[in-house]
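Coordinates in review
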Amino acid sequence: MLREFRKPQRLMGNAFEITVVDESEKNAYLHIDAAVAEIQRIENLLTTFSENSQTSLINNNAGLEPVKVDREVFDLIERSVRISRITDGYFDISYGGIDKGFWNFDRNMKQLPDPKTIKEHLKLVNYENIILNSRDQSVFLKEQGMRIGFGGIGKGYAAEMAKRMLQKRGVESGIVNASGDLTAWGMQSNGKPWTIGIADPDHSRQPFSYMNITDMAVATSGNYEKFVMIDGKKYSHTINPKTGMPVSGIKSVTIFCPNAEIADAIATPVGIMGIKAALDLVNQIHQLECIIIDDDNTVYSSQNINLQ
């Protein structure tokens, strides 16, 4: 008899949960362990917390020399740059220069960083200065002090790769949930599609809507998880790479797409670029849908979304 087996695990600094539908408990947990090992492998490639990761090598050689990387890392950076072009730079993996230093979003943060200092650092944020050479598989950051980071795409990429590995191992149904960015395929053990809740930004523990999905990834980006209040205004942990400032006005963005990496990467720019521009962008891209909730609780959705 088919059953669902789940295992929560902390990976990439986030709470992951992997669900597999199988008849055998033993096989299910072997599959899950293989998926966990795959996510850990990706984390080691992409992390900026280890000096030996390929990402750190690229950053440490910024302005100095190109760094030869694995094909997998090269391809992910190439796809990231393509997403930067499509989103007019609102998605940019070179935001690493402004990220951690100014915005720690802990409750002690009482004032905005100095705009002049931010402006200085913003000069280093420019995806066009990520120079890719496919002949020798090298990555070069043009300016010294430039940094790349995969915070906006890494979880989705890991979820997508874990799903593909599970499918290769013959797992016909399951979910990889990377702290709210999830990909689901096949059906539940009872033969019905997976039901997911769209988080209510004001009560993140309870959904404001449900959707039935299969063979679909969902990514949510919102200011209800991590934010600071300064002078009565709420600032989300999402930084606009063009201004270096946190985004305000949007409570949450939910993206639906068959590919978890793309869903993860698109969620951030859709929350930054303004509602009209975001809906225009999403409506132009095949198999991409979104739901946006603004600070006044107005719900906007792309053209093919039917909320229950």
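A short tour of the structure in this document, coming up. Everything numeric in this text was worked out from a predicted model, so none of it was measured. The written sequence of each chain sets the order in which its residues are numbered from 1. The predicted origin of the model limits local features to residues at a pLDDT of at least 70 and limits the giving and counting of side-chain atom pairs to 80 or more, whereas totals for whole chains, interfaces and linings rest on all residues. Only hydrogens and water are set aside when side-chain values are computed; all heavy atoms of the structure are taken into account.

Two strands qualify as a pair provided that DSSP identifies no fewer than 2 bridges between them. A run of H or I in DSSP becomes a helix once it reaches four residues, and a run of E becomes a strand once it reaches two; helices and strands are each numbered from the N terminus. Spatial ordering of the open sheet is given by β3-β5-β4, a layout of 3 strands whose pairing is antiparallel. The sheet terminates laterally at β3 (67–68) and β4 (130–133), the two strands that pair on one side only. Summarising the sheet, β4 and strand β5 (residues 138–141) pair through 4 bridges and their orientation is antiparallel. Within the sheet, the bridge partner assigned to L132 lies in β5 and is V139. Helix α3 (residues 71–86) rests against β4 and β5 of the sheet, and its axis sits at about 130° to β4. Residues count as neighbours in contact if any of their non-hydrogen atoms are within 4.5 Å of one another. Axes, fitted as lines to C-alpha atoms, cover a helix only where it is in contact. Angles between the N-to-C directions of the axes lie from 0 to 180 degrees.

Moving on, we get to the environment of H286. When you line up the elements, H286 lands in the loop between α8 (275–284) and β14 (289–294). Buried means the residue's accessible area, taken with a 1.4 Å probe over protein chains only, is under 20% of the maximum for its type, while exposed means over 50%, and partly exposed covers the values in between. For H286, a relative accessible area of 69% translates into the label exposed. As a C-alpha pair, H286 and Q303 span 17 residues in sequence and 11 Å in three-dimensional space.

For the rest of this paragraph, the subject is the pairing of strand β6 (residues 174–178). Of all 5 residues making up β6, 4 are buried, and the element is well covered by its neighbours. In terms of strand pairing, strand β2 (residues 14–22) meets β6 through 5 bridges, oriented antiparallel. Within the sheet, the bridge partner assigned to E17 lies in β6 and is N177. Pairing of β6 with strand β7 (residues 181–185) involves 5 bridges; the strand directions are antiparallel. Looking at β7, one finds that G174 is bridged to W185. As consecutive antiparallel partners, β6 and β7 are separated by 2 residues, and within that stretch S179 has a phi angle of approximately 55°, a positive value.

It is worth spelling out the pairing of strand β1 (residues 3–11) at this point. Inspection of the sheet shows β1 paired to β2 by 9 bridges, in the antiparallel sense. Within the sheet, the bridge partner assigned to K7 lies in β2 and is I18. Hairpin connection from β1 to β2: 2 residues lie between these consecutive antiparallel strands, with M12 at a positive phi of about 50°.

Right, let's get into α3. The first and last C-alpha atoms of α3 sit 23 Å apart over 16 residues, in line with the 22 Å expected at 1.5 Å per residue. Check the buried side of α3 and you find it contacts α1 (25–46), α2 (54–60), β4, β5, α6 (154–168) and α7 (260–272). One or two positions beyond α3, positive phi appears at D88, with a value near 55°. Expected span of a helix, by definition, is 1.5 Å for each gap between consecutive residues, and there is one gap fewer than residues.

This part is about unusual backbone geometry. The backbone of M12 sits at a positive phi, close to 50°, despite the residue not being glycine. Of note, M12 is situated in the loop between β1 and β2. With a relative accessible area of 18%, M12 lands in the buried category. One non-glycine residue, S179, lies in the positive phi region at around 55°. Positionally, S179 belongs in the loop between β6 and β7. On the basis of relative accessibility, which here comes to 36%, the residue S179 falls in the partly exposed class.

On to the packing of aromatic side chains. The geometry of an aromatic ring pair is captured by two quantities: the separation of the ring centres and the angle between the planes. Note on aromatic contacts: the rings of Phe and Tyr and the six-membered ring of Trp form a pair at centre separations within 6.5 Å, being stacked when their planes are under 30 degrees apart, edge-to-face when over 60 apart, and tilted otherwise. Taken as a whole and judged by the stated rule, the model has 1 aromatic pair. Relative to Y29, the ring of F5 has its centre 5.8 Å away and its plane inclined at 70°; by these criteria the two rings are edge-to-face. With F5 in strand β1 and Y29 in helix α1, the pair connects residues that are 24 residues apart, well separated along the chain. Using a relative accessible area of 28% as the deciding quantity, one classes Y29 as partly exposed. Geometrically, a charge over a ring is one whose NZ (Lys) or CZ (Arg) sits within 6 Å of the ring centre while staying within 35 degrees of the ring normal. A cation over an aromatic ring shows up here: K242 above the ring of Y90, its NZ or CZ 4.3 Å from the ring centre.

For sheets, the rule is that strands pair by backbone hydrogen bonds, running either parallel or antiparallel. Strand order in the open sheet formed by 8 strands is β1-β2-β6-β7-β10-β13-β14-β15, with antiparallel pairing between adjacent strands. Every interior strand has two partners, whereas the edge strands, β1 and β15 (299–301), have only one. Taken pair by pair, the neighbouring strands of this sheet meet at an average axis angle of 10°, ignoring direction. Those strands touched by α1 are β1 and β2, and its axis lies near 25° from that of β1. Running at roughly 20° to β7, α6 makes contact with β2, β6 and β7 of the sheet.

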